[in-house]
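Topology and contacts: notes
Next come the chains, spelled out residue by residue.
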Amino acid sequence: MAAWLTALERLARSRAKAGLTRELRPRAADDDVVDLAGNDYLGLARHPEVVAAAAEALSAYGLGATGSRLVRGSTEAHAALEQDLAGWLGAEQALVYSSGYLANLGAVRAVADRQTLVVSDAYNHASLIDGCKMSGAETVVAPHGDPAAVAAVLDAAPGRPAVVVTESVFSVDGDLGPLAALHEVTAARGALLLVDDAHALGVLGPQGAGGVAAAGLAGAPDVVVTATLSKSLGGAGGVIAGPRQLVRHLVDTGRTFIYDTAVPPAVAAGAHAALRIARAADDRRALLAARAERTVRRLGAAGFAVRRPAGAVLSVTAPGPEAALAWAADCRDRGIAVGCFRPPSTPDGSSRLRLTLSAGVSDMDFARALDVIVECAP
C-alpha cells in the first residue's frame, strides 16, 4: 500500500480507538424513524405547499441551475426568494448561496482581511471558524457568550478595524448568544457584528425572523446576518443579509458566490414557499417552545442536567464518545433518531446527544421518543 494510504489507515485506527469513527447511513424515502436529529424545526420539508412549489419549478427549470449565479444560475425563483428573505430579516438586501457553510465563509471573508481584528466566540460553528482562518485576519477567540471579554479584546486595539463573530442560537447546546449586549460593545467601538442566525431563523423573533430580530437589531447598518435555508425552511442553501453595499461587494468579489453553482431553482422555490408559511407559523413556534419545556422536565426528572434551550435544539451530555455512540445506536434500534456529537464537533471536548425538536413530529411519537432516550441512557 502507498505510504499516504498507510498513513490514512493509521489515522482511521486511531479515530476508531477513540470512538470517533463516523458512518453514512442512507435512509429510504419511506423511513418511519421518529426524527429528533434533523433540523426541520417547523416541519415544512414535506409540507404540501412547499413540495408543490418545488415540483412546479422543477418542471419549469429542470433539475439544476446549470451554472453559477453570474453565468446562468440566477433565476426568477432566486430573485423572489432573496427579496422576501431581505424583507423577513429586515435587511436592505439578501444574497442566496448554495449552502450555509459557504455563506459563512463568504461573509467573514467579505468583512475581514489581514488588517482586521476578528473576535470569535469559542463555541462558534466550524464554518465561522474556517471563515476566520481563510480571511487571514488576526482572530482572537473569546470566552463563550461573554460581552465583557469581547470588549476587553477590542479595547486593547483601539481604532483598528474589527469584527465580532457569533451565533444567535448555538448549534450544539442551543443557548442564545447575548446579541443586544454584544451590539452595545461593537457599536460603542465602531466594530461590526456578524451573526449566524441559522438555528433561530423561523423559531425566534417576530414572525420567526430570527435571533437578530428578537434582539431588536434587524436592519442595523453595523450588523450582518447569515442563515441557512436547510433548517426551519426545510430546504438547502444559505443566505447573507445586510446593507446593499455588502451584497454588491459579495457579488463582485465573493469567491464562494462567484465560483459555485447556484442552488437549484426548485429548491429556491420550495424554500420561498416555506418562508411564507414560516412567517405565519406562530402556532408551530409555540409548539416548539412547549416541547422544549417538556423535554427539559422529562429529562430532568430522569436525572439529566439539561438547560432550557433558547430555540429548538438541546443537548444531553454522555460519559464519553463511545457511550454517546452506543446511546444513539440503541435509540435508533428502537426507531428514534437523535444526533450524536463528539469531538471535534463539540467545542468543549465532551460528547453529547443532540436533540432537535420538530413541529412535524406527532405528540404520540414525541412522547415515545423521550421515553426511549431515557430508557436507553448509558
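Notes on the structure in this doc start here. (Residues numbered from 1 in each chain as written. Predicted model: local features only at pLDDT ≥ 70, side-chain atom pairs only at ≥ 80, totals over all residues. Heavy atoms only, no water.)

**Here's the deal with the overall build of the protein chain**
- The secondary structure content of the protein chain amounts to 15 helices and eleven strands.
- For the protein chain, the C-alpha radius of gyration of 21 Å lies close to 21 Å, the compact-globule estimate for 378 residues.
- Its C-alpha atoms give the protein chain principal-axis dimensions of about 55 × 55 × 55 Å.
- Counting the 378 residues in the protein chain, one finds 51% classified as buried.
- Within the structure as shown, the protein chain displays about 16,800 Å² of accessible surface, and the carbon and sulfur contribution to it stands at 54%. (Helix = DSSP H or I, 4+ residues; strand = E, 2+ residues; numbered from the N terminus. Rg over C-alpha atoms; globule rule 2.2 N^0.38 Å. Buried < 20%, exposed > 50% of the residue type's maximum accessible area, 1.4 Å probe, protein only. Areas by Shrake-Rupley, 256 points an atom, 1.4 Å probe, with all protein chains shown as cover.)

**Some words on the sheet that holds strand E11 (residues 352–356)**
- If you walk across this open sheet you meet the four strands as E1-E10-E11-E9, and the pairing is mixed. The strands lining the two open edges of the sheet, one partner per strand, are strand E1 (34–36) and strand E9 (313–317). Between one strand axis and the next, the sheet turns by 35° as a mean value, whatever way the strands run.
- Sheet analysis places strand E10 (residues 336–341) next to E11, joined by three bridges and oriented antiparallel. Residue pairing in the sheet places Phe 341 in a bridge with Arg 352 of E11. (Pairing = 2+ DSSP bridges. Axes fitted to C-alpha atoms, helices over the stretch in contact; angles between N-to-C directions.)

**What about a negative patch on the surface?**
- A cluster of acidic side chains, namely Asp 30, Asp 31, Asp 32 and Asp 35, defines a negative patch on the protein surface.
- Relative to the assigned elements, Asp 30 resides in the loop between helix H1 (3–17) and E1.
- The class of Asp 30 is exposed, set by a relative accessible area of 65%. (Patch = residues over 30% accessible without salt bridge, like charges linked within 9 Å, V, L, I, M, F, W, Y side chains within 5 Å. Salt bridge = Lys/Arg side-chain N within 4 Å of Asp/Glu carboxyl O. Lys, Arg positive; Asp, Glu negative; His and termini not counted. Charge placed at Lys NZ, Arg CZ, Asp CG, Glu CD.)

**Considerations on the pattern of salt bridges**
- Counted according to the given criterion, the structure contains twelve salt bridges.
- One salt bridge connects Asp 173 with Arg 307, and the closest N-O pair in it is separated by 3.9 Å. Of this pair, Asp 173 sits in the loop between strand E5 (162–167) and helix H8 (179–188) while Arg 307 sits in the loop between helix H13 (282–301) and E9, and the two are 134 residues apart along the sequence.
- Classification of Asp 173 as buried rests on a relative accessible area of 16%.
- Under the relative-accessibility criterion, Arg 307 is labelled exposed at 54%.
- For the salt bridge of Arg 308 with Glu 293, the shortest nitrogen-to-oxygen distance reads 3.0 Å. Taken as a pair, Arg 308 in the loop between H13 and E9 and Glu 293 in helix H13 lie far apart in primary sequence, 15 residues in all.
- A relative accessible area of 38% means that Arg 308 is categorised as partly exposed.
- Accessibility expressed as a relative area gives 36% for Glu 293, which makes it partly exposed.
- Salt bridges here are not isolated pairs; linked through shared partners, they connect Asp 173, Arg 307 and Arg 352.

**Comments concerning the side chain of His 272**
- Structurally, His 272 can be placed in helix H12 (residues 265–279).
- Taking the relative accessible area as the measure of exposure, His 272 reaches 11% and is therefore buried.
- Dropping the residues within four chain positions of it, His 272 is found in contact with Ala 80, Leu 81 and Asp 84. (Contact = heavy atoms within 4.5 Å.)

**Some thoughts on the packing of H13 against helix H15 (residues 363–375)**
- One can describe the packing of H13 onto H15 by two numbers: an axis separation of 11 Å at closest approach and a directional angle of 30°. It follows that H13 is roughly parallel to H15 by the angle criterion. When the axes of H13 and H15 are compared, the crossing they make is right-handed. Residues Leu 287, Arg 291, Arg 294, Thr 295, Arg 298 and Leu 299 of H13 pack against Asp 363, Phe 366, Ala 367, Leu 370, Asp 371, Ile 373 and Val 374 of H15.
- Its residues assigned to classes, the contact of H13 with H15 shows seven nonpolar, one polar and five charged. (Parallel < 35°, antiparallel > 145°, perpendicular 65-115°, else oblique. Left-handed = near helix turned anticlockwise from the far one by under 90°. Nonpolar A, V, L, I, M, F, W, Y, C, P; charged D, E, K, R; others polar.)

**A closer look at the side chain of Thr 228**
- Relative to the helices and strands, Thr 228 resides in strand E7 (residues 223–228).
- A relative accessible area of 10% places Thr 228 in the buried class.
- Side chain to side chain, Thr 228 and Ser 230 meet in a polar contact 3.5 Å long.
- Ignoring sequence-local partners within four residues, the contact set of Thr 228 consists of Gly 100, Ala 198, Leu 201, Gly 237 and Gly 238. (Polar contact = N/O pair within 3.5 Å; in protein donor to acceptor, adjacent residues only side chain to side chain.)

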